[in-house]
Every structure is written in structure tokens, then in C-alpha cells.
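These are the residues of each chain, in order.
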Amino acid sequence: MTLAPRSDRVAVTALVAVSAVLCGVRLWAAREVGFGDSEALYAAYALHPQPAYLDHPGLVGVLARAIGGGSAPTPAQAHAVTTVLATVLPWLMALVCRVSGASWGRAAAAALVFALAPEIAVGLFAMTPDLCLALAWTLGLLLAAAALREPPGSTRAACAFAGAGVLAGVAVASKVTGVTWMAALAVTYASAPARKHAKTIAPWAGLAAGAVLVVPIAAFEDRLGWPLLRHRLVDTQAAAGLSWRNAGALLGGQLVYLSPVTALLAARALRDAWRARGDAVGRLLLASSVIPLAALVPLCLWSRVAEPHWIAPALLSLVPAAARAPDPPSRRWVTTAAAVAGAMVAAVYAWVLVPPLQRLAGRAYDPRLDIANELRGWPTAVAAVKKEAASLAQVASPARGEIAVVAPHWVLCAQLDAALRGALPVGCDTPIRDDFDDWLPRARWRHADFLVWVTDNRFPDARTPPDYVVVTTRDVTIFREGRAARVFHIALLARRGLG
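What counts, and where the lines are drawn
Residues numbered from 1 in each chain as written. Predicted model: local features only at pLDDT ≥ 70, side-chain atom pairs only at ≥ 80, totals over all residues. Heavy atoms only, no water. Helix = DSSP H or I, 4+ residues; strand = E, 2+ residues; numbered from the N terminus. Polar contact = N/O pair within 3.5 Å; in protein donor to acceptor, adjacent residues only side chain to side chain. Contact = heavy atoms within 4.5 Å. Expected span 1.5 Å × (residues − 1). Patch = residues over 30% accessible without salt bridge, like charges linked within 9 Å, V, L, I, M, F, W, Y side chains within 5 Å. Areas by Shrake-Rupley, 256 points an atom, 1.4 Å probe, with all protein chains shown as cover. Salt bridge = Lys/Arg side-chain N within 4 Å of Asp/Glu carboxyl O. Buried < 20%, exposed > 50% of the residue type's maximum accessible area, 1.4 Å probe, protein only. Pairing = 2+ DSSP bridges. Axes fitted to C-alpha atoms, helices over the stretch in contact; angles between N-to-C directions. Disulfide = S-S within 2.5 Å. Phe/Tyr/Trp six-rings, centres within 6.5 Å; stacked < 30°, edge-to-face > 60°.

Caption draft 1: Quick peek at the side chain of S259. Looking at where S259 falls in the secondary structure, it is placed in the loop between α13 (244-257) and α14 (260-275). There is a polar contact of 3.0 Å between the side chain of S259 and the side chain of T262. Excluding residues within four positions of it along the chain, S259 makes contact with P118, Q254, A337, V340, A341 and M344.

Caption draft 2: Examining helix α1 (residues 8-32) more closely. In a regular helix each residue adds 1.5 Å, so 25 residues correspond to 36 Å; α1 covers 36 Å between its end C-alpha atoms and thus fits that length. Tucked inside the fold, the buried residues of α1 contact α4 (75-99), α5 (104-116), α6 (118-121) and α18 (331-353).

Caption draft 3: Structural context of a nonpolar patch on the surface. There is a patch of nonpolar side chains on the surface, built from V176, V179, W226, L229, L233, V234, L242 and W302 and spanning about 720 Å² of accessible area. A per-element tally of the nonpolar patch places helix α12 (residues 227-235) first, with three residues. Structurally, V176 can be placed in the loop between α8 (155-174) and α9 (178-190).

Caption draft 4: Broad picture of the pairing of strand β3 (residues 450-456). The element β3 is largely enclosed, with a buried count of seven among its seven residues. For β3 and strand β5 (residues 483-495), the ladder comprises seven bridges, and the chain directions are antiparallel. Paired with W453 across the strands is A491, a residue of β5.

Caption draft 5: Structural context of the sheet that holds strand β1 (residues 403-407). Spatially, the five strands line up as an open sheet ordered β2-β1-β3-β5-β4, and their pairing is mixed. In this open sheet, the two edge strands, each paired with only one partner strand, are β2 (426-428) and β4 (468-480). Here the strands of the sheet are splayed against their neighbours by 25 degrees on average, with no regard to which way each runs. In this fold helix α20 (residues 410-420) packs onto β1, β2 and β3, with an angle of close to 175 degrees to the strand it touches most, β2.

Caption draft 6: Here's a closer look at the state of the cysteines. Tallying each qualifying case throughout the model produces one disulfide. Two residues, C413 and C428, share a disulfide whose sulfurs are 2.2 Å apart. Disulfide C413 to C428: torsion about the S-S bond roughly 95 degrees, handedness right-handed. With C413 in helix α20 and C428 in strand β2, this pair connects stretches of sequence that are 15 residues apart. Just as C413 is buried, C428 falls in that class too.

Caption draft 7: Local environment of the pattern of salt bridges. Tallied over the full model, the rule gives 16 salt bridges. D130 is paired through a salt bridge with K175; the nearest N and O atoms lie 2.5 Å apart. Highlighted residues: D130 in helix α7 (residues 129-149) and K175 in the loop between α8 and α9, separated in sequence by 45 residues. For D130, a relative accessible area of 22% corresponds to the partly exposed category. Between D456 and R458 there is a salt bridge, with its nearest N and O atoms 2.9 Å apart.

Caption draft 8: Main features of the packing of aromatic side chains. Scanning the entire structure with this criterion turns up 10 aromatic pairs. Ring geometry for Y45 and Y53: centres 3.7 Å apart, planes at 5 degrees, overall stacked. Residue Y53 is classed as buried on the basis of its relative accessible area, which comes to 3%. Aromatic side chains F161 and Y189 sit 5.1 Å apart centroid to centroid with 90 degrees between the ring planes, which places their arrangement in the edge-to-face category. Taken together, the residues span a long stretch of sequence, with F161 in helix α8 and Y189 in helix α9 at a distance of 28 residues. With respect to burial, F161 and Y189 carry one shared label: buried. Aromatic ring contacts, followed pair by pair, group Y42, Y45, Y53, F436 and W439 into a single cluster.

Everything listed is a geometric property; what it means functionally is a separate question.
Written out as C-alpha cells, the structure reads:
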């Protein structure tokens, strides 16, 4: 039994209900949790504006700076904005499905499953480049599909092509993965089904406009010797190589990030996209999936540090491909996919937001491995850091470079920098080069008279810099349901020979 037009109202109502519930849960979470470690780094980007960073292009830093009013945003500020954007995204996807040729019922049902995928329902709560990329890619799909359905040379087609091209540039500014979206648009426009449009200037002018947005990023990278690509493809790839472990991580990750049933529906949708390649919109959806997958899957199979969500943009176009298919998934499949994904999402939010659930964890539970513990405790630790720095006010000044806050890894440095918001300089002693080597080079903080050294129980082997002696130490323990979730170690260090 497939979704029929009379099911439109039920599907739309379900999407409204799910959107409202997810929005409410995200608002609850926004009041309760802080930044994840990577998210804190993106918040710190706001304090150090530049076109690109070692991990990503700079658009997420622009977003963070806008949310923070010219500085790093607080977690509550950032998550209030991401809650709105993450709630809007499934509705944009429903519009993509509709413009691609699906009925409102099928579009809403597809958007419902999309909204409940853990990768969307949980992952896009965070202020990350993936949120920027997902919005740009989805809205770009909407405009590109609309343009291809308009008469070639028409004003509407030209405007839609222009918007799609600019959004392709925005996607690249969000994440390097966006380059594959720009390539997919070019391949689509040059294909036989879109040939009449290809004979006009509009699609190519749109892509040229998008490329203009990428020029500052490329110029910045070229001037510095392409540090982003070097960091991503060389510095972090010491253990790279094809392996079954990487393949298992990629495939297993999809079962977690999408949920098992939704992953099966995605595989079926790829088949649907291939079968519908004969028309211009179908070719767009196929190219927008296959071209990114062709680039990203080999990278994930080769890189040991690749993450399963790297291929997520390639899956976006499979949602409208499934919705417009002649034989879409049955109502039972759609309901099962939504229920399984919804249960997984509920479990994640409950674990983070309902502390008593920790009592269910057995003796093997290790709080250092629980990423939910990243989200709490930093305000208390930062208050202790400020207190240590204030104790030196009579003998040293951070403005003169005599005091610096330093940690042994970027995940700690990012949290400190985002929370301190420029009040104290933050340096980093990560084993490999990181963004902090540009923001406060090691050669500078290693000459400071005093360091406030901060680490936690995730880094038990971290050693203080050799040219410093310990003056005072204090531990800050963060408890969740009676368990020590995180232990921060804060030491005041003085340079040897300072007197």
C-alpha cells in the first residue's frame, strides 16, 4: 500500500507534530547543555575571523560571530538559533520533494523520515559547518529543480539558476564537500535532459556567481600553502590506508546516523534516482548523490580519521528521489523508519537531558568516553581559570603577554577560548599543529611569565611545559548523578628562574 493523495493531510499533520516536539526538545537542551568540543572550536572561530581554518572554510565562523554580536556566542545563544534552523530544514526538504514532482503527501512523508534521522534531529542541533552546508545544499536543490522545470531562457529560470549557483558557493564556504555539489550542478546542466537550459547563459552565470564567493577562500589558502588541504589530507592521515575497519566504520555509521530502516530506504532511493535519470530533475538528483559519493566514499575507506557523516550531503537528494518515485516505499516502511529513528533520537536526548538514566549504566561505564559529558561543567572550570589569572593581577598582565591560558589539546583549548571570549589569551600544546598555532603561537606563550594550565581526566598523561614550575593546583570535579563525570586539573605555572 503506497501513500495516496488522500493521505496528504495526515502526513503534513505528522510532520507538524514531529517538528513541534523536536523544536521543544531542542529548546530544552539549549537551556541545559554547553558546547561540544568541536562546536566550541567553531564558536572560537568568531574571535579569529579569517576566510578558512585548518578544518573548514570560514562560513561557520561568520555565523558564530553574527550570533555572538561580534564575539563568540554563548551556548544558549548558538543553540537557540540552531534550533530554529534545524526545525526549518525538513520543511525546506518537503518543498524540494514537491518541486521535484512529488505530491504533498509523499513530500511530507519523506520529510518526516528525514526530520527524524538522528543525523538531522540530533546532529543539526549543534552549531557546525554541517548545518550551514545542509541548509545551502537543500535550498540549492530546491532552486535548481525549480529552474530546470521552467521554460529555458525565462526570467524565473534565470533567477532560480542564479540562486542555485550562489548557494553552491555558500556550500563550498561551509565545507570543502560543497565543491562536489558545484560539480554536480555543472554535470547536470551539461547533461542531455537539461540541454535546452545549457544553451542559455543562466545556469553558467549562476555557477560563476557561486565561484566568486569561493575566490577569497582559495586566495587565502594559496597564500599560505593550502594549510586546510594539507591538514586534512596529510597531517592527520598518518595511519591512512584502505582497510576493512574503515569500511565497517562507514557502513556501521550509516546505521547509527540514519537508523537501520532509513539506511535501507536510502539505498532504495539511490536505485530510484538511477531509474529517474531520464528527465532534468531526475538527473539533478542522481548527480547530486553519485558525484559526492564518488569523491567521499573512497576518502572514507582510505582515511582512519574519516567520520560517517562525511557522506551525508550526498544523501540529501535521495529524499526527493524517493518521494517522486513511481513506486515509493509503502506506508508500513515509512512508519517503521520514522518509529525506529524517532526511538533512537529520543534515547539520545534522554541520555543527555535526564541525568537519572545514568543509573542504568553498568560498572563498565567510563565517563571519559561519554561525549555527553563534554556538554557540562565548563562554566565551573572557566570560573576557576579566571580566579587563578586574577590572583596574578598585581604582578602580571595578559595584555603584555605575561599570562596565558594553555591546555594540552585543542578540544580543551577550544572550550576555554570560546568561554573566555578574549578576556585571556589561549594557547595550545596539541601534539600536531592546530589553529591555535596561528592565533597564539607556541613561541609566544612559551615566553609568558605565568601559565594557567588546564587539563582533564581524558588526558591523564599530559605534562606541563618543561620550562615552568607548578605554583598551585586545584581540581574541579563535575558530578552527574553522584558520579564524577569530568575532573578538571588547573595549575598555576611560573617560568623557571622568574624569582
